[in-house]
Amino acid sequence: MRSIPNSIVVGIGKGGSCKTTLATQLAGIWSSEGKRILLADLDVQASATKVVGLDPREVGDGRHLMDAVMYGDDLTTIKARDNLDVIAAGRYTKTLSHHLVTSDNGPESFAVPFEKLMASDRFDRVVFDLPPSGSSRLADMAMQTGKYLLVPTSAGVDNLEGLRVLAEELEILESDIILLGVVLMKIGAGAPRKRAETRAEVAEILAGVADPFHTIIREAGAAYDDSRKAGLFLHEYAEWASTVSVTNQIHAKIKIPTNLADLAREFYELADEVDDRIALAERILEGVNP
Ligand SMILES: Nc1ncnc2c1ncn2[C@@H]1O[C@H](COP(=O)(O)OP(=O)(O)OP(=O)(O)O)[C@@H](O)[C@H]1O
Ligand SMILES: [Mg+2]
């Protein structure tokens, strides 16, 4: 089975499980820390493309990945920030997904353009933002050719049910992807019992495969939405907010959510934890294949 070097797939989960939020905020933090990141949007909704501030129609509408996979063109990347390039999604992402349904060598034709890019040494990591489970062949291709998997989940029966079928999904796809862990998202900071219960439940579901990450991303819809409206990553928005004095907030009638700084800090902590798990996995893999 192929494995795209240094690839992290953010996926598995129904609509709204925070796949895009997780993929984009981690990509944003890592790039701000100096890692050269390629963010690959595989969802026809093009949410990740929009989060980084691009208009899908102005950056190829998903055509670049389609042309690379279907016609062997070099994969075009779009610069979004220093150290952060994007493979944009859009209308043509659907065309590509349909094409892959009938293609005999889907995983190979999907992986080759990314393998070439990673071999060119322009990027340290590629982060894939997947569409909702079961909605696109592109998600299957990424699960079959990605190296590491990160799974977001929030509390609630439906979300946890999705985790229970994770092993089954990977088996059906014959995927060798390495599960780095599950990230608990959108759980209130003021709900310690719910946090503990959800963490325990996830740990039980994943028993022996991977632990849930220690960092939990709090419920903070308003803070997240404000950062989106500003066209910034959370960490960028929080940094900007920290420079606005209370007097200026009052004069300009800007209301900065009080939990913004905590939310941004949690993503920093999570990014560090994911780094640590990748480093650990790399050491184990080196031991296996010295
Ligand atoms: N910390 C948070 N607290 C509350 N809501 C949040 C938080 N972070 C993100 N959200 C909201 O969660 C929703 C789902 O986010 P997101 O788009 O990341 O999900 P997704 O899994 O990518 O969805 P899809 O399957 O449609 O691609 C969004 O409406 C976003 O505003
Ligand atoms: Mg999404």
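Higher on the page you've got the structure.
Residues numbered from 1 in each chain as written. Chains lettered and ligands numbered in written order. Predicted model: local features only at pLDDT ≥ 70, side-chain atom pairs only at ≥ 80, totals over all residues. Heavy atoms only, no water.

**Section: the layout of surface pockets**
Within this model, the largest pocket holds a volume of roughly 260 Å³. Every residue lining the largest pocket is counted, 18 residues in all, and those nearest its centre are Gly16, Lys19, Thr20, Thr21 and Ser47. Of all the secondary-structure elements, those providing two or more residues to the lining of the largest pocket are helix H1 (19-32), helix H2 (47-51) and helix H10 (221-229). (1 Å grid on protein atoms, 1.4 Å probe; cavity = no way out; pocket = protein on both sides within 12 Å on 5 of 7 lines; lining within 4 Å. Points joined across faces, edges and corners; volume = space filled by probe spheres on them. Helix = DSSP H or I, 4+ residues; strand = E, 2+ residues; numbered from the N terminus.)

**A word on the packing of aromatic side chains**
Counting across every chain of the model gives four aromatic pairs. Arranged with centres 5.3 Å apart and planes meeting at 45°, the rings of Phe110 and Phe114 form a pair that is tilted. Linking Phe110 with Phe114, this pair stays in helix H5 (residues 106-119), spanning four residues, or about one helical turn. With respect to burial, Phe110 and Phe114 carry one shared label: buried. (Phe/Tyr/Trp six-rings, centres within 6.5 Å; stacked < 30°, edge-to-face > 60°. Buried < 20%, exposed > 50% of the residue type's maximum accessible area, 1.4 Å probe, protein only.)

**Focus: unusual backbone geometry**
Here the phi dihedral of Cys18 falls at roughly 80°; this positive angle occurs in a residue that is not glycine. Phi is positive for Ala46, which is not a glycine, with a value near 55°.

**Concerning the sheet that holds strand E7 (residues 178-184)**
To summarise the sheet geometry, strands pair through backbone hydrogen bonds and adopt either a parallel or an antiparallel arrangement. If you trace the seven strands from one edge of the open sheet to the other, you get E3-E4-E2-E5-E1-E6-E7, paired in mixed fashion. Strand pairing shows two members of the sheet lacking a second neighbour, strand E3 (78-81) and E7, which therefore form its edges. Between one strand axis and the next, the sheet turns by 25° as a mean value, whatever way the strands run. Here strand E6 (residues 148-153) runs beside E7; their pairing, made up of six bridges, is parallel. The residue bridging Leu149 from the neighbouring strand is Leu179, located in E7. (Pairing = 2+ DSSP bridges. Axes fitted to C-alpha atoms, helices over the stretch in contact; angles between N-to-C directions.)

**A closer look at the environment of Leu179**
As for its position among the elements, Leu179 is in strand E7. A residue is classified by how much of its surface remains accessible, and Leu179, at 14% relative accessible area, is buried. On a C-alpha basis, the gap between Leu179 and Trp30 in space is 19 Å, while along the polypeptide they are 149 residues apart. Dropping the residues within four chain positions of it, Leu179 is found in contact with Leu149, Val151, Leu166, Leu206, Val209 and Ala210. (Contact = heavy atoms within 4.5 Å.)

**Quick look at the site of ligand 1**
In the vicinity of ligand 1, 19 residues are found, and the nearest of them are Lys19, Thr20, Thr21, Arg218 and Ala220. One of the backbone nitrogen or oxygen atoms of Cys18 is found 2.9 Å away from an oxygen atom of ligand 1. Contact distances for ligand 1 include 3.4 Å between an oxygen atom and a side-chain N or O atom of Asp225. Compared with its free state, where it exposes 640 Å², ligand 1 has 80% of that area covered by protein. At the level of secondary structure, the elements contributing two or more residues to the shell around ligand 1 comprise H1 and H10. For the shell around ligand 1, the class distribution of residues is five nonpolar, seven polar and seven charged. (Near = heavy atom within 4 Å. Polar contact = N/O pair within 3.5 Å; in protein donor to acceptor, adjacent residues only side chain to side chain. Areas by Shrake-Rupley, 256 points an atom, 1.4 Å probe, with all protein chains shown as cover. Nonpolar A, V, L, I, M, F, W, Y, C, P; charged D, E, K, R; others polar.)

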